[in-house]
Amino acid sequence: MMGLSHAAEKYPASGVRAMFDRAREYPDVVNLCLGEPGMPTPDDIIKVGVDGLLARKTKYTPNLGIPVLREALAEKMARENNIICDPDQEIMVTTGATEALMLSMLTLLQPGDEVIIPDPSWPNYVGHAMMSNAKPVMARLSESNGFKMTADIIEPLITDKTKLILLNSPANPTGAILLQEDLLEIAKMVQKHGVYVISDEPYEKLIYDKQAHISLASFPGMKNHVITINSFSKTYAMTGWRVGYACANPALMANMVKLHENITSCVNEAFQLACVYALKNGEAAVQNMKKDYEENRNLLVGALNQMYGIQCQTPPATFYAFPNIKALGLSSKDTANLILDKCHVVTAPGSAFGQAGEGYIRISFASDKESIKEAIRRMNQLFGHA
Ligand code: PLP
């Protein structure tokens, strides 16, 4: 048999999925492993999608997405992100943020180009860089500054091969957010070195404690350097609908859309219509979900900090806790497996998000409160009280 591609053979299997698959061994698991809201998509959004299908909105759409959605997105970007985008040239609707990320890297990267990626971070970033034949350069983040990817961590990693920096605020798996002053330093550094940034922002609305999300592309002079990526998945509990979007300058977008034509062509029209509805009417549902996540966060983090060998900073955003388990003396994989085998609670090992994730586990608190309480009850039996 002839060999396979380097990208396929070297592509790492997902450590999060491995836990998810092991969870099937137990019928009574509490699953706090996957990165998705536990609640269903709000009914009124589902209805618009279903009505769209019944109205026979079942054909191909323009590659960039239906105009009414691009216009709604341009309004949203102007209003909430302070980014002015031309809906005809600078916005594209994609199959989740995942496709937008892949297209951005395929558009920007040549073989051998370096991409600076946070460690720990969502593992697909490394995968996308590998599929683009580029070299991932990992920026090691640290708990001591709340896992923030700041300019002073990034700049020493920049070489003459650096093409792209991957930013993810709010961040999966740590919940870290970049503040105005952090982003200002990054903006100056990006302009000094003339590199691109992908700013992946799907958790933008899940920020607690009166902090606010700021988009890097809103800083003066940054629009041409940044591809802003976002998604309906986490915000509106729409992970399975697979709708995301990218905003980029017209020259980049004109090339990204050619690749999009070859990968998925377009997102189905009925679901795009549901997204228009979500943008215009979904805010109350988002705020309700956020309130639940915040209560879950406080409950979970408070309980984790009472457990022997576990310490957990309060994440300012997302629906992930990233407790430090180093005092247990076990690897993060062994800890996640122990919690699964003894408590039937599924978590993700920090090492699934990069080497710097070793010593931590990720626990999603996007489930319903009863599941969080039950997970705490079972983990208390294993780890006792500190
Ligand atoms: N970016 C981050 C940081 C994520 O955590 C995820 C999903 O977990 C995605 C992107 C992918 O989102 P989508 O469902 O829109 O493809």
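Participant: I would appreciate a short explanation of the pairing of strand E3 (residues 114-119) in the present structure.
Facilitator: Within a regular strand, side chains alternate between the sheet's two faces. Of all the six residues making up E3, six are buried; the element is thus mostly covered by neighbouring parts of the structure. Residue alternation in E3 divides its side chains into two sets, Glu-114, Ile-116 and Pro-118 and Val-115, Ile-117 and Asp-119, and both sets are buried. Where E3 lies against strand E4 (residues 135-140), six bridges are found, and the strand directions are parallel. Directly across from Val-115, in E4, lies its bridge partner Pro-136. Each parallel crossover has a hand, and the one from E3 via helix H6 (residues 124-131) to E4 is right-handed. Pairing geometry for E3 and strand E5 (residues 162-167), over three bridges, is parallel. Residue pairing for E5: Val-115 is matched across the bridge by Leu-164.

Participant: Can you walk me through the nonpolar core in this structure?
Facilitator: A general feature of soluble globular proteins is that nonpolar side chains tend to end up buried together. Counting 65 residues, the largest nonpolar core has Leu-69, Ile-154, Ile-165, Leu-167, Ile-186, Leu-216 and Phe-232 as its most contacted members. Residue contacts for Leu-216: discarding those within four places in its chain leaves Leu-167, Leu-183, Ile-186, Ala-187, Val-197, Glu-201, Met-222 and Val-226. Counting 32 residues, the second-largest nonpolar core is a separate cluster that includes Tyr-203, Ala-237, Tyr-293 and Val-301.

Participant: For this particular structure, what's the right way to read the sheet that holds strand E9 (residues 320-321)?
Facilitator: By definition, the strands of a sheet pair up through backbone hydrogen bonds, in either a parallel or an antiparallel sense. Spatially, the three strands line up as an open sheet ordered E9-E12-E11, and their pairing is antiparallel. A strand with exactly one partner marks an edge of an open sheet, and here the two such strands are E9 and strand E11 (348-349).

Participant: Before we go on, may I ask you to explain the site of the ligand in this structure?
Facilitator: As a structural note, the neighbourhood of the ligand is formed by 14 residues, with Thr-98, Asp-200, Ser-231, Ser-233 and Lys-234 the closest of them. Here an oxygen atom of the ligand sits 2.5 Å away from a polar atom, N or O, in the side chain of Thr-98. Take Tyr-203: an N or O atom from its side chain is 2.7 Å from an oxygen atom of the ligand. In the complex, the protein chains occlude 93% of the 400 Å² of accessible area that the ligand would expose alone. Placement of the ligand is best described as lying within the largest pocket. Top element by residues in the shell around the ligand is helix H5 (residues 96-108). It accounts for three residues. Looking at the shell around the ligand residue by residue, the classes come out as five nonpolar, six polar and three charged.

Participant: Mind showing me how you'd approach the pairing of strand E2 (residues 91-94) here?
Facilitator: Residues Ile-91 and Val-93 line one face of E2 and the alternating positions Met-92 and Thr-94 line the opposite face, and both faces are buried. As paired strands, E2 and strand E8 (residues 244-247) are joined by four bridges and run antiparallel to one another. Looking across to E8, one finds that Ile-91 is bridged to Cys-247.

Participant: Quick question: what am I supposed to make of the state of the cysteines here?
Facilitator: Here, the word disulfide means a covalent bond between the sulfur atoms of two cysteines. Scanning the model with the defined rule gives zero disulfides in all. Of all cysteine sulfurs in the structure, the one in Cys-266 sits closest to Cys-275, which takes part in no disulfide; the separation is 13 Å. Residue Cys-275 is classed as buried on the basis of its relative accessible area of 0%.

Participant: Mind showing me how you'd approach a nonpolar patch on the surface here?
Facilitator: On the surface, a cluster of nonpolar side chains totalling about 250 Å² of accessible area is made up of Ile-46, Val-50 and Leu-54. Assignment of secondary structure puts Leu-54 in helix H3 (residues 43-54). Assessed through its relative accessible area of 58%, Leu-54 is described here as exposed.

Participant: What is the right way to look at helix H9 (residues 250-263) in this model?
Facilitator: What sets the pattern is the α-helix's 3.6 residues per turn: residues three or four places apart point alike. A rise of 1.5 Å per residue sets the reference length of H9, with its 14 residues, at 20 Å; its end C-alpha atoms lie 20 Å apart and thus fit the reference within 8%. Among all positions in H9, only Leu-252, Met-253, Met-256, Val-257 and His-260 are buried. Relative to the axis of H9, the buried residues are bounded by an arc of 130° and lie together on one face. Those residues of H9 that are exposed and angled more than 90 degrees off the buried face are Ala-251 and Asn-262. At its buried positions, H9 is contacted by E2, H5, strand E6 (196-200), strand E7 (226-231) and E8. Looking at where H9 begins, the residue whose side-chain oxygen comes 3.1 Å from the main-chain nitrogen of Ala-251 is Asn-249. Just past H9, the residue Ser-265 takes up positive phi, approximately 70°.

Participant: How should I be thinking about the environment of Ala-317 in this particular structure?
Facilitator: The residue Ala-317 is located in the loop between helix H11 (283-304) and E9 in this model. Classification of Ala-317 by relative accessible area gives buried; the value is 0%. Once the C-alpha coordinates of Ala-317 and Leu-108 are considered, the two residues, 209 residues apart in sequence, prove to be 29 Å apart. Each residue touching Ala-317, except ones within four places of it in the same chain, is listed here: Pro-170, Gly-175, Ile-177, Leu-206, Ile-207 and Tyr-208.

Participant: What should I look at first to understand helix H8 (residues 180-193) in this one?
Facilitator: Between its first and last C-alpha, H8 extends 20 Å over 14 residues, near the 20 Å set by a 1.5 Å rise per residue. Among the residues of H8, Asp-182, Leu-183, Ile-186, Ala-187, Met-189 and Val-190 are the ones counted as buried. Against helix H7 (151-154), E5 and E6 lie the buried residues of H8. Positioned one or two residues after H8, Gly-194 has a phi angle of 65°, which is positive.

Calculation rules
- Residues numbered from 1 in each chain as written.
- Predicted model: local features only at pLDDT ≥ 70, side-chain atom pairs only at ≥ 80, totals over all residues.
- Heavy atoms only, no water.
- Buried < 20%, exposed > 50% of the residue type's maximum accessible area, 1.4 Å probe, protein only.
- Helix = DSSP H or I, 4+ residues; strand = E, 2+ residues; numbered from the N terminus.
- Pairing = 2+ DSSP bridges.
- Right-handed = clockwise from strand over helix to strand, strands pointing away.
- Core = buried A, V, L, I, M, F, W, Y, C linked by side-chain atoms within 4.5 Å.
- Contact = heavy atoms within 4.5 Å.
- Near = heavy atom within 4 Å.
- Polar contact = N/O pair within 3.5 Å; in protein donor to acceptor, adjacent residues only side chain to side chain.
- Areas by Shrake-Rupley, 256 points an atom, 1.4 Å probe, with all protein chains shown as cover.
- 1 Å grid on protein atoms, 1.4 Å probe; cavity = no way out; pocket = protein on both sides within 12 Å on 5 of 7 lines; lining within 4 Å.
- Sits in = over half its atoms within 2 Å of the grid points.
- Nonpolar A, V, L, I, M, F, W, Y, C, P; charged D, E, K, R; others polar.
- Disulfide = S-S within 2.5 Å.
- Patch = residues over 30% accessible without salt bridge, like charges linked within 9 Å, V, L, I, M, F, W, Y side chains within 5 Å.
- Salt bridge = Lys/Arg side-chain N within 4 Å of Asp/Glu carboxyl O.
- Expected span 1.5 Å × (residues − 1).
- Arc of directions from axis to C-beta.

The values reported here are purely geometric and, on their own, carry no functional implication.
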